[in-house]
Amino acid sequence: MSAKLEYPAARRDETVTNDFHGITIQDPYRWLEDPDSTETKTFVNEQNALSNPYIHSYQHRELVNKTLTKMWNYPKFGCPHKRGPRYFYGHNSGLQNQSVTYMMDDLEAEPQIFIDPNTFSEDGTVSVSSKKFTKDGSLCALSLSSSGSDWKTIKFINVETKEYLPDVLKKVKFSCLAFTPDNKGFFYNCFPSAADNHEGEEVDQNLNQKLFFHRMGTDQSEDIICAEFPDNPHWMSAASVSDCQNYLLLEISESCKPVNKLYYYDMRSHGSEGFTGLIPFIKLIDKFDAEYDYITNEGTVFTFKTNLDASRYRVITIDFENPGPENWKTLIPGHPTDVLENITCVNQNKLIVIYMHDVKNEMYVHDLATGERKAKFPLEVGSIGSLSGRKEDTEIFYSFTSFLAPSRIYRCSLTTDSVTPAIFRDNQIAGIDVSNFETSQVFYSSKDGTKIPMFIVHRKDLPRDGNNPVWLYGYGGFNISLTPYFSISRLLYLKHFNGIFALPNIRGGGEYGEEWHKGGKLDKKQNCFDDFISAAEYLIQEKYTQASRITINGGSNGGLLVGACINQRPDLFGAGISDVGVLDMLRFHKFTIGHYWVSDYGCSDNKEDFEYIIKYSPLHTVKEPIIGQFPALLVCTADHDDRVAPLHSLKYMATVQHVLGKSEKQTNPLLLQVECKAGHGAGKPTAKIIEEVTDKIAFMALTTGLEWRD
């Protein structure tokens, strides 16, 4: 039994309340919403002073760290993509904090370093979040993030000379990147009213995003607003240029709901003087009724992927000369069971179509003109990680991965209707025999009888004795699908702790299309928690494990999942790790980009939404178990997380420690860990990732009885 910890005393101001439709709700830790206050910083320091020594007390922590570092140290290649006459690809030699972008004149040429983000900062915390080339490949725009922040700085490189141009764009967030056809201008999004000193630690709402035009060689102060929506401050937009380079397309969204408006502008009517004001876009689709994702066009006939009257998506064509919905044509109809995930036009007239069938990818070639299926790619059970290829390219590259295999890069010519992909790069890990492990997929019943798929990965010789440790991971939101993917940290858990990794594809995700998503959002959000709880019950019933040996884990919306499930069923889990979670469901919409999540969660300002939100909001449903104690809990956040602000984790842990920390029977630790110079997760340097994973495994070892085995 663990020794009981003494928790820091956090000030409770019980005079802070809110009235929600006639119900008074206390918010005694409201002061933790201010990240700059001395009191908040003291709280964070005291929590780290408690959590870090506890985690570092694990006797094999250094062994875990060294082994993890050794396993991580293998070459990792990304998919090549052709831009202009050159090829580009990402590569990490093993332990580099950030992957390096290389370029080659042809696939047989000696690679040259094009961008090395490791030179941008001493600790590797400046990363390239995205990049965009001109059509001819002569210029490249880089979107740079510091310490994992969603705020970006855009810089430009001359590809031939590798020299940076003087142009620098700031206050950029959730932005498109699009060059004009003549390479003289650039479209991007920014929040011009943002504070000049934004560094990723502020919690202000992100409102009134605008689309700007930047003329290359000028100062950002001269940039022109091309689209704005002052009457709809929550709207955001993204501009892109059509394959033919004649049209500027503008997609407008109001939330995370998979719907958008679609406007366009014929740039041939503009002239070469540059944009001087708001662009007179033609409103092709001016309501939020469905998602319209541009694929390609032949003249005025545009091809879109859409979920209009197709919850699993279909492909349609719209002729801009006859744009009425009655003239739209279905090119590829929606599938009765499989989700159309991605589609790309290659070699002028071929469509590469990726479907998801029971959470596993299948890939086909279709004809652009007729929609007819021409060929099927030979894929094993797993996921397409990335695919590169454009309309002018005669071949594609794609990466394929699974739970037990790192990405393998394939190259495939598309000059004929048949496909014969060949291995281009094979990312192999020396010294690990993955043939000792196996993956299975089961379908279990949730509380309401719905069948939920779940992947289970473990050693082939695993005994079904009900005593194996389990890492149960979930998400369940925002139409996001969790497909098979490779993870060094999970492989270490399987290999050295004889553990089981389980991934249930709960409702709220996109694994079976929009109906699956709708089944786990808004007033049906409880289905997500029921699905996850049922996954744990299944694993116990089938003798994989027992409650005390299950660690539940999830990040962001998955952090909410952990908080809600551990509050509702503390008897069912040994430990929980909530990463950067959304935990205050009554106030999430008031900070950073939280207002965009109302489409999935609802909003406490609405009485009907409040009535179901208050039932599961982790911050507001903490209570001491009648029998037994609360599971061990590690709540993780980061000081530069400006997507899900740290205040969620801080307020939740303050509440957990207040309600449970003084109970004599509560010997399981209740810990908060706040990472410095890190954000929501993207762009995190390798060194930080390894330390973070080491800490999580150490916590699981201390709280669920993991035993190291060589």
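Rules of the game
- Residues numbered from 1 in each chain as written.
- Predicted model: local features only at pLDDT ≥ 70, side-chain atom pairs only at ≥ 80, totals over all residues.
- Heavy atoms only, no water.
- Salt bridge = Lys/Arg side-chain N within 4 Å of Asp/Glu carboxyl O.
- Helix = DSSP H or I, 4+ residues; strand = E, 2+ residues; numbered from the N terminus.
- Buried < 20%, exposed > 50% of the residue type's maximum accessible area, 1.4 Å probe, protein only.
- Pairing = 2+ DSSP bridges.
- Axes fitted to C-alpha atoms, helices over the stretch in contact; angles between N-to-C directions.
- Left-handed = near helix turned anticlockwise from the far one by under 90°.
- Contact = heavy atoms within 4.5 Å.
- Nonpolar A, V, L, I, M, F, W, Y, C, P; charged D, E, K, R; others polar.
- Core = buried A, V, L, I, M, F, W, Y, C linked by side-chain atoms within 4.5 Å.
- Phe/Tyr/Trp six-rings, centres within 6.5 Å; stacked < 30°, edge-to-face > 60°.
- Lys NZ or Arg CZ within 6 Å of the ring centre and 35° of its normal.

Novice: Mind laying out the pattern of salt bridges, listing which residues take part and the relevant values?
Specialist: Any two side chains of opposite charge can pair, so long as their charged atoms come close to each other. Going through the model one piece at a time under the given rule, you end up with 36 salt bridges. Here lysine 210 makes a salt bridge to glutamate 228, at a shortest N to O gap of 2.7 Å. Separated by 18 residues along the polypeptide, lysine 210 in strand β13 (residues 210–215) and glutamate 228 in the loop between β14 (224–227) and β15 (236–241) bring together distant segments of the chain. Put simply, lysine 696 and glutamate 692 hold a salt bridge, and the shortest N to O gap is 3.5 Å.

Novice: Which residues make up the environment of lysine 66, and what are the values?
Specialist: By secondary structure assignment, the location of lysine 66 is in helix α2 (residues 61–72). You can call lysine 66 exposed: its relative accessible area is 59%. Along the chain, lysine 66 and threonine 694 lie 628 residues apart, while their C-alpha atoms are 9.3 Å from each other.

Novice: Give me the lowdown on the sheet that holds strand β29 (residues 405–413), citing residues and values where you can.
Specialist: Where strands meet in a sheet, backbone hydrogen bonds hold them as pairs that are either parallel or antiparallel. Spatially, β27-β28-β29-β30 is the arrangement adopted by the four strands of the open sheet, whose pairing is antiparallel. Pairing within the sheet leaves two strands with one partner each, and these edge strands are β27 (383–388) and β30 (422–426). Strand-to-strand twist in this sheet, taken as the mean axis angle between neighbours without regard to direction, amounts to 30°. In the sheet, β27 pairs with strand β28 (residues 395–402) via five bridges, with the strands oriented antiparallel. From the neighbouring strand, leucine 387 faces β28, where its bridge partner is tyrosine 398.

Novice: How would you sum up the packing of helix α3 (residues 488–497) against helix α10 (residues 686–704)? Please name residues and give values.
Specialist: In a packed pair of helices, the relevant descriptors are the angle between the two axes and the axis-to-axis distance. Two elements in contact, α3 and α10, have axes separated by 11 Å at closest approach and are oriented at 35°. Note that α3 runs across α10; the crossing there is right-handed. The residues of α10 that touch α3, namely those facing Ser489, Leu492, Tyr493 and Phe497, are Val693, Ile697 and Met700. Here the contact of α3 with α10 is composed, by residue class, of six nonpolar, one polar and no charged.

Novice: Could you give me a rundown of the nonpolar core, with the residues and numbers involved?
Specialist: Ranked by internal contacts, the top residues of the largest apolar core, which has 133 residues, are Met454 and Leu472. Sorting elements by how many residues they give to this core places helix α5 (residues 526–541) first, with eight residues. When sequence neighbours within four positions are dropped, the list of residues in contact with methionine 454 reads Ser440, Gln441, Val442, Tyr444, Leu472, Ala502, Leu503, Pro504, Ala535, Tyr538 and Leu539. Grouped together as the second largest cluster of nonpolar side chains are 22 residues, Phe213, Cys226, Tyr263 and Ile279 included.

Novice: Could you give an account of helix α8 (residues 607–616), naming the residues involved and the relevant values?
Specialist: Listed in full, the buried residues belonging to α8 are Asp609, Phe610, Tyr612, Ile613 and Tyr616. In this structure, the buried residues of α8 make contact with β1 (17–20), β2 (23–26), α5, α6 (557–568) and α7 (598–601).

Novice: Give me the packing of aromatic side chains: which residues, what numbers.
Specialist: On inspection of all chains with the given rule, the structure shows 46 aromatic pairs. Each ring, one from tyrosine 512 and one from tryptophan 516, has its centre 5.0 Å from the other, and the planes form 65°; the classification is edge-to-face. Both residues of the pair, tyrosine 512 and tryptophan 516, count as buried. Sitting above the plane of the phenylalanine 77 ring, arginine 425 keeps its charged end 4.9 Å from the centroid. The ring centre of tryptophan 471 lies 4.8 Å from the NZ or CZ of arginine 490, which sits over that ring.

Novice: Requested: an account of the sheet that holds strand β16 (residues 247–253), with residues and values cited.
Specialist: In space, the four strands of this open sheet follow the order β15-β16-β17-β18, with antiparallel pairing throughout. Pairing within the sheet leaves two strands with one partner each, and these edge strands are β15 and β18 (282–285). Recorded for the sheet is a direction-independent mean angle of 25° between the axes of neighbouring strands. Bridge count between β15 and β16: six bridges; the pairing is antiparallel. When the bridges of β16 are listed, serine 240 appears paired with leucine 249.

Novice: Explain the side chain of serine 147 residue by residue, including any values.
Specialist: With respect to the helices and strands, serine 147 occurs in the loop between β9 (139–146) and β10 (152–158). We classify serine 147 as buried; its relative accessible area is 5%. Not counting the four nearest positions on each side in its chain, serine 147 is found in contact with Thr125, His640, Lys677, Ala678 and Gly679.

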